[in-house]
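A structural walkthrough
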Amino acid sequence: MRGVTMLFFQVLILCFQAKAWHAVRRSFEPEQSTPLQEKSHLVTDCMHVTSEEGEFSFVKLPATRSTAKHGHWSMDGDLSAALNADASAEGSLAESPDAATVCGIYFVADPDQLIEVTMRQVNVDCRSGGLMAFVDGWELNGQYFPGERDHEKPLALRVQEFCAERGDGGPWPAGKHASTPGAWVFRSSQNAALVQYRIPTRGSFVLSARFLRNPKPCHIMAEGLAPYYKLRNYGQRRNCTLTALFPAVVSVVALEVGGISENVRYCDRVRVEDKLEVGGSPGLDPAYQAVQSSTICGRSGGRMDLEQTILCGTTTVRLVSSGRYNNQAMVTMRMADESDLRLATAMCEM
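Conventions adopted
Residues numbered from 1 in each chain as written. Predicted model: local features only at pLDDT ≥ 70, side-chain atom pairs only at ≥ 80, totals over all residues. Heavy atoms only, no water. Helix = DSSP H or I, 4+ residues; strand = E, 2+ residues; numbered from the N terminus. Buried < 20%, exposed > 50% of the residue type's maximum accessible area, 1.4 Å probe, protein only. Areas by Shrake-Rupley, 256 points an atom, 1.4 Å probe, with all protein chains shown as cover. Disulfide = S-S within 2.5 Å. Core = buried A, V, L, I, M, F, W, Y, C linked by side-chain atoms within 4.5 Å. Contact = heavy atoms within 4.5 Å. Phe/Tyr/Trp six-rings, centres within 6.5 Å; stacked < 30°, edge-to-face > 60°. Polar contact = N/O pair within 3.5 Å; in protein donor to acceptor, adjacent residues only side chain to side chain. pLDDT = per-residue confidence, 0-100. Salt bridge = Lys/Arg side-chain N within 4 Å of Asp/Glu carboxyl O. Pairing = 2+ DSSP bridges.

The number of helices and strands found in the chain is three helices and 25 strands. Taking all 350 residues of the chain together, 49% fall into the buried category. Carbon and sulfur atoms provide 51% of the accessible area of the chain, an area that totals close to 17,900 Å².

Pasting the structure below:
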């Protein structure tokens, strides 16, 4: 029975790949024989969300008194010209954030990838209150993805803060994965990562990001582009989550959660350690679902289509595992539209 179920999952995956050939990004592209030149990005928004690799740079300059007779404030000439040249390729140069504002570059990759960030240059003055941080996951309004209770690492190891005193070489220990001597290298545990920065007066940084294969993905930030998503615990005691930052229609296509002889059933009113939760919340942490649409467990033994509409700012599918079983679930997820409103199975307060 176990072999038949695993074969079913593999065949189902192949069917979804065939039907959604054009929807999958990079999965079928041949490897490049020569490395491509890194694409440069000038960060101008305080909240910069990207699914691209390449080099990312940010510069904040203080206003200086001009010698012109009108006494207006302006940037240093050489740096201003350089910034304007870079900005012409990206659009207009955005206004610098306020001194106390914490901004961030939010990276999201394919579900089976993780993100490596190399800090190539940092000029963020610790003494003036400047600070940077790499977050293994995302943070919004004090909540984290993956949630603190679901991630295998404690929050203290997931958030790494750093800065550099102006005038010295920066506190750069050589990372074991670093291709640039003296650079700091960080890697996420899933397809989402965040670089935060607070620069009160002036400062700059340059980083490069690349996406690497993740052989055992557990937590997934959904972009809504994949034809299907697969959650799996690999026989371990861990919770895995699929999260989308939009109201979504979730369809559970196949399920293998719990004992072999158990059929798929709703298990929200019974105490079980292995289950699949579908719900939503206004915040980012999947462990604090404001509303739950369903809690199911068991084994489908074939294709099923349990469709649910979650009208919340955040939609989450959470696979809870005791470690006694090899649990897995295949789901599809798309952004909800007006036609889905009347069929909502869960709705958060607006």
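Resuming the write-up.
By definition, a disulfide links two cysteine residues through a covalent bond between their sulfur atoms. Evaluated as defined, the whole model comprises four disulfides. Disulfide pairing places C218 opposite C240 at an S-S distance of 2.0 Å. The sign of the -105 degrees torsion about the S-S bond sets the C218-C240 disulfide as left-handed. Here C218 is found in the loop between β14 (203–213) and β15 (220–221), whereas its partner C240 is found in strand β17 (residues 239–244), with 22 residues between them in sequence. Classification of C218 by relative accessible area gives buried; the value is 4%. Among the residues examined, C240 registers a relative accessible area of 0% and is labelled buried. A sulfur-sulfur distance of 2.0 Å marks the disulfide that ties C312 to C348. Between C312 and C348, the S-S torsion sits near 90 degrees, and that sign places the bridge as right-handed. Placement of C312 in the loop between β22 (306–311) and β23 (314–320) and of C348 in the segment after β25 (346–347) is noted, with a sequence separation of 36 residues between them.

So, on to the nonpolar core. Within the largest apolar cluster, 30 residues are counted, with the highest numbers of intra-cluster contacts made by Y229, L231, L242, L276, V317 and M333. Listing elements by their share of this core, those giving two or more residues are β16 (229–232), β17, β18 (248–257), β20 (275–281), β21 (291–299), β23 and β24 (328–335). Counting residues per element, this core draws most heavily on β18, at five residues. Dropping the residues within four chain positions of it, L231 is found in contact with C218, I220, C240, T241, L242, L276, V317, L319, N327, Q328 and A329. Counting 26 residues, the second largest nonpolar core, distinct from the first, contains V124, M132, A164 and I199.

Applying the stated criterion to the full structure yields nine aromatic pairs. On the numbers, 5.0 Å between centres and 10 degrees between planes, the contact of F134 with F186 is stacked. With a gap of 52 residues between them, F134 in strand β8 (residues 131–135) and F186 in strand β12 (residues 184–187) connect regions that are remote in the sequence. The buried category is assigned to F186, whose relative accessible area is 7%. When the ring of W184 is compared with that of F186, the centres are 6.2 Å apart and the planes differ by 70 degrees; the resulting orientation is edge-to-face. Each member of the pair W184 and F186 is classed as buried. Linked through ring pairs, F134, F162, W184 and F186 together constitute an aromatic cluster.

In this section: the environment of L225. Take L225: it is sitting in the loop between β15 and β16. Here L225 falls in the partly exposed class, since its relative accessible area comes to 42%. Here the alpha-carbon distance between L225 and M335, two residues 110 residues apart in the chain, equals 10.0 Å.

A separate point is the environment of E53. Within the fold, E53 resides in the loop between β2 (47–50) and β3 (54–60). When the C-alpha atoms of E53 and V108 are compared, they prove to be 9.8 Å apart, with 55 residues separating the residues in sequence. Filtering out sequence-adjacent residues up to four positions away, E53 remains in contact with K39, H41, A209, R210 and F211. At a separation of 2.6 Å, a polar atom in the side chain of E53 contacts the main-chain amide nitrogen of F211.

Right, let's talk about the confidence of the model for the chain for a bit. Mean pLDDT over the chain works out to 80, with 74% of the residues at or above the 70 mark. Mean pLDDT values for the elements of the chain range from 38 in strand β5 (residues 73–74) up to 98 in strand β6 (residues 103–108). Here residues 85–94 is a poorly scored stretch, pLDDT under 50, and it has 14 contacts once near neighbours within four places are set aside; other chains count.

With that out of the way, let us pick up the pattern of salt bridges. Following the criterion strictly, the structure yields 11 salt bridges and no others. Of the charged contacts, one joins R210 and E116 as a salt bridge, the two residues approaching to 2.6 Å between their closest N and O atoms. With R210 in strand β14 and E116 in strand β7 (residues 113–124), the pair connects residues that are 94 residues apart, well separated along the chain. On the accessibility criterion, R210 (40% relative accessible area) is partly exposed. A relative accessible area of 3% means that E116 is categorised as buried. One salt bridge connects D125 with R127, and the closest N-O pair in it is separated by 3.3 Å.

A large share of β6 lies buried, amounting to six of its six residues. Burial along β6 is two-sided: the face carrying C103, I105 and F107 and the face carrying G104, Y106 and V108 are both buried. One ladder, built from six bridges, connects β6 with strand β13 (residues 192–198); its direction is antiparallel. Within the sheet, the bridge partner assigned to C103 lies in β13 and is Y197.

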